[in-house]
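A look at the structure
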Amino acid sequence: MKTLGLIGGMSWESSAQYYRLINEDVRQRLGGAHSAQLLLWSVDFAHIKQLQHDGDWDALGAEMIDAARRLQAGGADLLVLCTNTMHKLAPQLEAACPLPLLHIADPTAEAIQRAGLRTVGLLGTAFTMEEDFYRGRLLERFGLQVLIPEADDRREVHDIIYRELIAGVISDASRQIYVEVIKRLVARGAEAIILGCTEIMLLVRDRDSPVPLFDTTTLHARAAVDAALPNDL
């Protein structure tokens, strides 16, 4: 079994889900008392959040590179960056650290392709929805057409993440807002919805959507186990 190096704390609410999902999957595959062999470097998200909204991506890049190098020094064999938004810095991270980075968009796109779907709606932070680092990868590498919510909906989706979900606040009112945003994406042609922020799975479930949901947290965690275990397990 390879040692996974998780960069977490963005937020810890979703990083806790990674830990649970990875260990549950390892136990299911190997049986008995087996659990994952992993290291977790968890950041102070208040600092990260401030840098994000200040637009200081150079400082954020330095934070992620420092985390990766600490995990490398601790014996990690590969990196799992437990957040969609911070994959904006994936190229810098890959250039600065020799450990393979398991990109969160890739297992998500592969699952969508296996389902035979092509046009997807994307929910996430404003950074993930509006910038090209995520949507561009889905299009260029996997041929997926990505729809994002209209401006007012994007603002609502983003604010709920940062105001509530990172603090573990789960609100029926906010769930209904997401349900309505999803309906509007479906009306525009979305065949599926990507939950492109690792906290959204805490709020939205399959029953809340008329089309399939692809939860990046679960798919990324499963892909991490695939990478950690021998190919026949």
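Refer to the structure printed above.
Residues numbered from 1 in each chain as written. Predicted model: local features only at pLDDT ≥ 70, side-chain atom pairs only at ≥ 80, totals over all residues. Heavy atoms only, no water.

**A look at the environment of I7**
Of note, I7 is situated in strand β1 (residues 4–8). For I7 and L81, which are 74 residues apart along the polypeptide, the C-alpha to C-alpha distance reads 4.9 Å. Excluding anything up to four places from it in sequence, I7 contacts W41, M64, A67, A68, L71, V80, L81, C82 and L93. (Helix = DSSP H or I, 4+ residues; strand = E, 2+ residues; numbered from the N terminus. Contact = heavy atoms within 4.5 Å.)

**Digging into the pattern of salt bridges**
Working definition: two side chains of opposite charge can pair if their charged atoms are close together. On inspection of all chains with the given rule, the structure shows 13 salt bridges. R163 is paired through a salt bridge with E164; the nearest N and O atoms lie 3.3 Å apart. Salt bridges sharing common partners tie together D25, R29 and D226. (Salt bridge = Lys/Arg side-chain N within 4 Å of Asp/Glu carboxyl O.)

**Here we look at the sheet that holds strand β3 (residues 78–81)**
Here 3 strands make up an open sheet; going across it, the order is β2-β1-β3 and the pairing parallel. The open sheet terminates on both sides in strands that have one partner only, identified here as β2 (38–42) and β3. Shown here is a sheet whose adjacent strand axes are inclined to one another by a mean of 20 degrees, direction ignored. Summarising the sheet, β1 and β2 pair through 5 bridges and their orientation is parallel. Directly across from I7, in β2, lies its bridge partner W41. Helix α10 (residues 216–228) rests against β1 and β3 of the sheet, and its axis sits at about 175 degrees to β3. (Pairing = 2+ DSSP bridges. Axes fitted to C-alpha atoms, helices over the stretch in contact; angles between N-to-C directions.)

**Things to note about the nonpolar core**
With 85 residues, the main nonpolar core has I22, M64, L123 and Y178 as its most contacted residues. With 7 residues, the single largest contributor to this core is helix α3 (residues 57–74). (Core = buried A, V, L, I, M, F, W, Y, C linked by side-chain atoms within 4.5 Å. Buried < 20%, exposed > 50% of the residue type's maximum accessible area, 1.4 Å probe, protein only.)

**A short note on the sheet that holds strand β5 (residues 145–147)**
Read across the sheet, 4 strands follow the order β5-β4-β6-β7 without closing on themselves; strand pairing throughout is parallel. Strands at the two margins of the open sheet, each flanked by one partner only, are β5 and β7 (213–215). On average, adjacent strands in this sheet sit at an angle of 30 degrees to one another, irrespective of strand direction. Strand direction decides the pairing type here: strand β4 (residues 119–123) and β5, joined by 3 bridges, are parallel. Looking at β5, one finds that T119 is bridged to Q145. Together, β4, β6 (192–195) and β7 form the strand contacts of helix α5 (residues 105–114), whose direction differs from that of β7 by roughly 155 degrees.

**Regarding the pairing of β1**
A large share of β1 lies buried, amounting to 5 of its 5 residues. Where burial is concerned, the two faces of β1 agree: the one with L4, L6 and G8 and the one with G5 and I7 are both buried. At this point the chain moves from β1, through helix α1 (residues 12–30), to the parallel β2, and the crossover so formed is right-handed. (Right-handed = clockwise from strand over helix to strand, strands pointing away.)

**Section: the environment of L122**
Within the secondary structure, L122 sits in strand β4. Taking C-alpha positions, L122 is 15 Å from I177, a pair spaced 55 residues apart along the chain. Ignoring any residue separated from it by four or fewer positions in sequence, one finds L122 in contact with T128, M129, Y134, R135, V146, L147, I148, P149, L185, I194 and G196.

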